[in-house]
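Chains, contacts and geometry: an overview
So you can see what is in the structure, the chains are spelled out below.
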Amino acid sequence: MEQLVTSLDNPAPAQSRTAHQPLQSELRDAAAPRRTRRMRRTLAVTALFAAGALSLSACGGNAEAGGHGDGKNGQAGADAAAAKDASDAKIQVSSKDGATDASINDTGVKVTGGKLTDVKLMAVDTGKDVAGAISQDGTSWKPSAQLDRGAKYKIVANAKDAKGRPATENATFTTVSSAHSFIASFTPDNGKTVGVGMPVSFNFDKSISNRKDVQSHITVTSSSGQQVVGHWFGDRRLDFRPEDYWKAGSKVTMKLDLDGVKGGQGITGVQSKTVSFTIGRSQVSTVDMNTQMMTVKQDGKVVKTIPISGGSADHPTYNGQMVISEKYEQTRMDGSTVGFGGEYDIKDVPHAMRLSSSGTFIHGNYWGSPSIFGHSGTSHGCVGLQDNKGGGGSTPAKWFYENSLVGDVVIVKNSKDKTVQPDNGLNGWNMSWSQWTAGSAS
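The present account deals with the structure reproduced in this document. Note that the coordinates shown come from a computational prediction; the quantities given were computed from them, not determined experimentally.

The rules we used
Within each chain, residue numbers correspond to sequence positions counted from 1 in written order. pLDDT decides what is reported in this predicted model: residues at 70 or higher carry local features, side-chain atom pairs at 80 or more are listed and counted, and totals for whole chains, interfaces and linings draw on all residues regardless. Note that the side-chain values use all heavy atoms of the structure and ignore hydrogens as well as water. Each helix is a run of DSSP H or I of at least 4 residues and each strand a run of E of at least 2, with the numbering of both proceeding from the N terminus. Burial status follows relative accessibility: with a 1.4 Å probe on protein chains alone, a residue under 20% of its type maximum counts as buried, one over 50% as exposed, and anything between as partly exposed. Here a residue-residue contact requires only that any non-hydrogen atoms of the pair lie within 4.5 Å. For every accessible area listed, the method is Shrake-Rupley and the probe measures 1.4 Å; residues are considered covered only by the protein chains on display. In short, DSSP must find at least two bridges between two strands for them to pair. Any two of the Phe, Tyr and Trp rings considered here, Trp counted by its six-membered ring, make a pair once their centres fall within 6.5 Å; the pair's planes then place it as stacked at under 30 degrees, edge-to-face at over 60, or tilted in between. Buried Ala, Val, Leu, Ile, Met, Phe, Trp, Tyr and Cys residues form a nonpolar core when they are joined through side-chain atoms within 4.5 Å. Any carboxyl oxygen of Asp or Glu that lies within 4 Å of a side-chain nitrogen of Lys or Arg is treated as forming a salt bridge with it. We define a polar contact as two N or O atoms separated by no more than 3.5 Å, with the added condition that, inside protein, one atom must be a possible hydrogen donor and the other a possible acceptor, whereas residues neighbouring each other in sequence contribute only through side-chain atom pairs.

With that settled, consider the overall build of the protein chain. Helix and strand counts for the protein chain stand at 6 helices and 28 strands. Considering the protein chain as a whole, with its 442 residues, one finds that 39% of them fall into the buried category. Partitioning the contacts of the protein chain with sequence separation of at least 6, the portion at a separation of at least 24 is 63%. Total accessible area computed for the protein chain in this model is approximately 24000 Å², and 50% of it derives from carbon and sulfur atoms.

See below:
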């Protein structure tokens, strides 16, 4: 009987197993709990690992986590639904959000696929709103005034499409600063009527090194069809004129398109405007220092001859073509401001018209003896015409003042002095056409 005893370590011989099959079944049943425990431990570890993997996947941004791929309940579905129902109105603000060199002229809003409902532009530092208006068709908005340089602004624009769905655009920007921008003062002003010698003259507040690009963004044209060319006097002044005087009665248009144009290292233009002026009748007056007489011609015909008193032998008057750049019914003339010390200081000079920036005028003279006019030069370089104190009465000086325009030409000849420099006043006519065009950057 002992040879029939079996154990897990000593299994029965093969020929004995058939006879003892129930014993084998009992052995399997006894071993089953151990295997079950091992399987359970394995499944538990597997489940824990799977849960950890799922958790890591969810933190990593699985688009289906929590929604199990259901587009209606998940975030992806919500985004898709919102995008599908988005407004067709597309708003564009000309000044980009965060910009530090925004234009002071072209700030505005445009919309496609809808119409603007309201736009608010506010100066951040002061909290003040900037007035503006939406166009009649509702597709654009512009401020009613030029923005300040170097100022921070916030803009909020709202619009709706044809289905009434809203759209909003926000932007905060800073306009270009004074230190990093340039502007030009210019003459003549818009709408003026001027004489045939009036150039278009620009004076920039910064030195311009990129002259070609700056000049190319300024155009001056005339209804007369005359060719107009620019000439640089240094790096801050640019004048335009035709070869000969402007045609009487013509209209001159100047377009300034410098907004955003680079004038040099670190400076950008901020101006954009159109200016037009009219050329009046032609008046050219010629002063002969030999005879101390002035002949006034209008449209080529002599209308008056006026006795004058020009510069003395010690202080002769410039020769050359000079353009009247300013008119004053009365002004002060102080010799110390033009290098003559305390030699004179007349506080009420009547009917004065500037011919040069260095102090040459053609003006009324009430303090000189009537005998000097037409006979001798007595001034410090100006051209004097007989007048009354206070400018009253009918005098040669008053007549000439009332019949002269800014831009009229006064030619001085036969003086002992040199010819006036072309950039001393608006006197570029003293250059030949070839000299003038040689100073163009374009």
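Relative to the helices and strands, Leu258 is located in the loop between β16 (251–257) and β17 (262–264). C-alpha separation for the pair Leu258 and Ile183, spaced 75 residues apart in sequence, amounts to 8.5 Å.

Attention now goes to the sheet that holds strand β19 (residues 272–279). In space, the 4 strands of this open sheet follow the order β11-β19-β16-β13, with mixed pairing throughout. Unpaired on one side and paired on the other, β11 (193–194) and β13 (218–222) mark the two borders of the sheet.

In terms of strand pairing, strand β3 (residues 115–123) meets strand β7 (residues 152–160) through 8 bridges, oriented antiparallel. Opposite Lys115, over in β7, you have Lys160 as the bridge partner.

Before going further, it helps to spend a moment on the packing of aromatic side chains. The description of an aromatic ring pair rests on the distance of the ring centres and on the angle between the ring planes. This structure, assessed with the given rule, holds 9 aromatic pairs. Between the aromatic rings of Phe182 and Phe204, the centroid separation amounts to 6.0 Å while the plane-to-plane angle is 70°, which identifies the pairing as edge-to-face. With Phe182 in strand β9 (residues 181–182) and Phe204 in strand β12 (residues 200–204), this pair connects stretches of sequence that are 22 residues apart. Residues Phe182 and Phe204 agree in their burial class; the two are buried. Taking 5.9 Å as the distance between ring centres and 70° as the angle between the ring planes, the aromatic pair formed by Phe233 and Trp436 counts as edge-to-face.

Generally speaking, soluble globular proteins have nonpolar side chains that are buried together. If you look at the biggest cluster of nonpolar residues, it comprises 32 residues, and the most contacted ones within it are Phe202, Phe204, Ile218 and Met254. Listed by contribution, the elements that provide at least two residues to this core are β10 (184–187), β12, β13, β14 (228–233), β15 (237–242), β16 and β19. Filtering out sequence-adjacent residues up to four positions away, Ile218 remains in contact with Phe202, Phe204, Leu238, Phe240, Met254, Lys255, Leu256 and Leu258.

With that settled, consider the pattern of salt bridges. Counted by the stated rule, this structure contains 11 salt bridges. The residue Lys206 makes a salt bridge to Asp205 at a minimum N-O spacing of 3.7 Å. Asp205 sits in the partly exposed class, given a relative accessible area of 28%. Across the salt bridge formed by Asp239 and Arg237, the nearest N and O atoms sit 2.7 Å from each other. Each member of the pair Asp239 and Arg237 is classed as buried. One continuous salt-bridge network, built from bridges that share partners, spans Arg332, Asp334, Asp345 and Lys347.

With that settled, the discussion passes to the side chain of Ser87. Within the secondary structure, Ser87 is located in the loop between α3 (75–84) and β1 (90–93). When its relative accessible area of 9% is taken as the criterion, Ser87 is described as buried. Looking at Ser87, its side chain comes within polar contact range of the side chain of Asp161, at 3.5 Å. In this structure, Ser87 is in contact with Asp161, Arg165, Pro166 and Ala167, ignoring residues within four places of it in sequence.

What follows concerns unusual backbone geometry. A cis geometry characterises the amide bond from Thr187 onward to Pro188, with omega recorded as 5°. Along the chain, Pro188 falls in the loop between β10 and β11. Its identity is not glycine, yet Gln292 carries a phi of approximately 55°, on the positive side. With respect to the helices and strands, Gln292 occurs in the loop between β20 (283–288) and β21 (293–298). For His351, which is not glycine, the phi torsion reads 50° and is therefore positive. With respect to the element layout, His351 can be found in strand β25 (residues 345–354).

Where burial is concerned, most of β25 is hidden: 7 out of the 10 residues are buried. As paired strands, strand β24 (residues 326–334) and β25 are joined by 7 bridges and run antiparallel to one another. Looking at the pairing, Thr331 lines up with Val349 of β25. In this structure, β25 lies alongside strand β26 (residues 361–365), joined through 2 bridges in antiparallel fashion. Residue pairing in the sheet places Arg354 in a bridge with Phe361 of β26. Between β25 and β26, which pair antiparallel one after the other, the connecting turn spans 6 residues, and Gly359 there sits at a positive phi close to 115°.

Interpretation note: all reported values are geometric properties and have no functional meaning in isolation.
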